[in-house]
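# Structure at a glance
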Amino acid sequence: MAHSLSIADPSDRLPAGGDTAVAAGEVALRMQCFAEFWQGARPSVRAYLASFVPDGGILDDCVQEVALVAWKKGPLDKGSHDFLHHALACARHIGMAARRKIRADRLNLLAPDVAGSLADSVATLDPVAGPSDRVLALRQCIGRLSADQQALIRRRYGDEGSAALAEEARRSGKSIDTLYKRLERLRGLLRDCVTRQLNHPE
Amino acid sequence: MNPAPLKSPDGDEASALFARFLDQRLDDAGMQRLEQLLRDDPDARGRCAEQLLFEADLKDAVDPGELEWLETRQVVLGKKDGLPSLEIRRNQELRVGPRATPKAVEPPKPPALRRYLWLGGALAAAAAGWLWFRGPHPAAPVLKNPGFETTDLSLNPTGNTYALIEWQDYFSTPNAELCEPGRVTGGKIFAKSGRNVARLLTGGHLTQRLHDENGMPVPARSGARYVLSGWLHTDGTGPHVLRTALRVVASGRPAMIQYEAVHQKLDITPQPGWQPFLIEFNLPDDLQRTPSDVTVPERPLLDLEGRELTLSIDSRGHEGSVLYLDDLSLERNDP
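These numbers were taken from a predicted model, which means no experiment stands behind them.

Glancing now at the overall build of chain A. If you tally the helices and strands in chain A, you get eight helices and two strands. Within chain A, the fraction of its 202 residues that count as buried is 45%. If you take every contact in chain A between residues at least 6 apart in sequence, the share linking residues at least 24 apart comes to 69%. When the accessible surface of chain A is totalled, it reaches about 10,300 Å², and 52% of it is carbon and sulfur.

Next up, the structure:
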């Protein structure tokens, strides 16, 4: 599900003079700042939320919800650290609220105290590289996998969710367990590759 | 079942259990053991936190979350006090997520009397539209965002986005994107018109629910004929194949069920620059179909007559080939 909100009142009529340019410039600056902060915060927010709701679709919705709250209320004038802190605080509320809506038989969830302490551990992580470097390294590593391996990773982490893996299992005649085992090996390969890539960039 | 003891490739039980948990494949005993480890062992908790961050990075690498700022402007030229006037209405929208329907600029509210007249007119139009919808003649489709210019990429730092407004109805794919070709190809290719084009990698596709000029869905009618035209540009790696179809989407993913009313395949000969293409769709008399694309075991037969049509344009060329599309049009082709 996509979320959107109007930045300006749609019924606002703007004069065609310099005021328009000033207003547009201010919004553009704010937007640019938000985009920069959000791109940096998004993986941490997602990881933090995943402590509470590990499911892909619900997790996507929660991430979007946090983004919209952060746009409306996030501190954009105090630097990226404060922005992330605020976003994680929002994420805790949104993640906990999402858990309450999930039927117990639909999704395995960690006990609330465990989920909370795991989220706290996510918040204190201090990765060796920034998110854009990590994602870039991951993309390069994925690019070195075979076409089949890349397809499997895309099916698991693309927008089609777990149903795509079930479809792949049906199509390839392999059991879903076999695919998950292959996935686990691939994640190990990618983790090693990213570590090498970040420590010894080519 | 979770064979015990469970170890990841580097021998870490908590990480192995946690990976299974993230894939939602952990049984009750495994959950209890994982929770115990996460409660008692701060190191294990730290490793699982790193796993969560890695998963988030992986998601971002494969399916980047989109953050899009859409600005539309409506310029009204008129007269005020006998003098020429210019009024600009601006609508800005922040979008977070894979896709969305653009929010239109709302017109000012009419006065009460005019509102009732407008309502009466709207009802009459709706009734006429309904009669037309139910009638034997297929409605003429009007493609939305045919030139891909709805999105302003000027503030986008990379010149591309996976959000293809109006072209991801029901389905989206990371193999299709909107881009400013001049920027993403370093000046090798420019749009046929405007600034943006659709860029399809192999397996990429565009889908749009068909509407007529009144916004009513275009239903499948036996004997109806349509012509899809536009411009395409290949990257020369070929062979390039464009597979197009008019479909009825009974259900989107995950339980996908699609029925194809008609399809056409176009083998493209790579040549320098933009080349026009034209594809004819002739719906046959018999529109009874079994599903063409499904992710569920059921394959129910369906009469497509009167059901809402969707246009799909798929790139089915050689692995790694890239195709650019611009200025598309779909018209009724009455005999």
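With respect to the helices and strands, the residue Leu52 of chain B is situated in helix 3 (residues 42-62). Separated by 34 residues in sequence, Leu52 of chain B and Phe18 of chain B have C-alpha atoms that sit 9.3 Å apart.

Now for the sheet that holds strand 5 (residues 197-201) of chain B. In sheet architecture, strand pairing relies on hydrogen bonds along the backbone and comes in two forms, parallel and antiparallel. Residue and element names in this part refer to chain B. Judged by pairing direction, the sheet is antiparallel, and its six strands sit side by side in the order 3-4-5-15-7-10 without closing on themselves. Both edges of this open sheet fall to strand 3 (160-161) and strand 10 (275-282), since each of them pairs with a single strand only. By the bridge criterion, four bridges tie strand 5 to strand 15 (residues 322-332) in an arrangement that is antiparallel. Paired with Leu200 across the bridge in strand 15 is Leu323.

What follows is about the environment of Cys179 of chain B. All names here are of chain B. Relative to the helices and strands, Cys179 is located in strand 4 (residues 176-179). The class for Cys179 is buried, based on a relative accessible area of 0%. For the pair formed by Cys179 and Ala191, sequence separation is 12 residues and the distance between their alpha carbons is 9.2 Å. Each residue touching Cys179, except ones within four places of it in the same chain, is listed here: Leu153, Gly159, Asn160, Val184, Arg195, Asn196, Val197, Arg199 and Tyr324.

About the criteria used
- Residues numbered from 1 in each chain as written.
- Chains lettered and ligands numbered in written order.
- Predicted model: local features only at pLDDT ≥ 70, side-chain atom pairs only at ≥ 80, totals over all residues.
- Heavy atoms only, no water.
- Helix = DSSP H or I, 4+ residues; strand = E, 2+ residues; numbered from the N terminus.
- Buried < 20%, exposed > 50% of the residue type's maximum accessible area, 1.4 Å probe, protein only.
- Contact = heavy atoms within 4.5 Å.
- Areas by Shrake-Rupley, 256 points an atom, 1.4 Å probe, with all protein chains shown as cover.
- Pairing = 2+ DSSP bridges.

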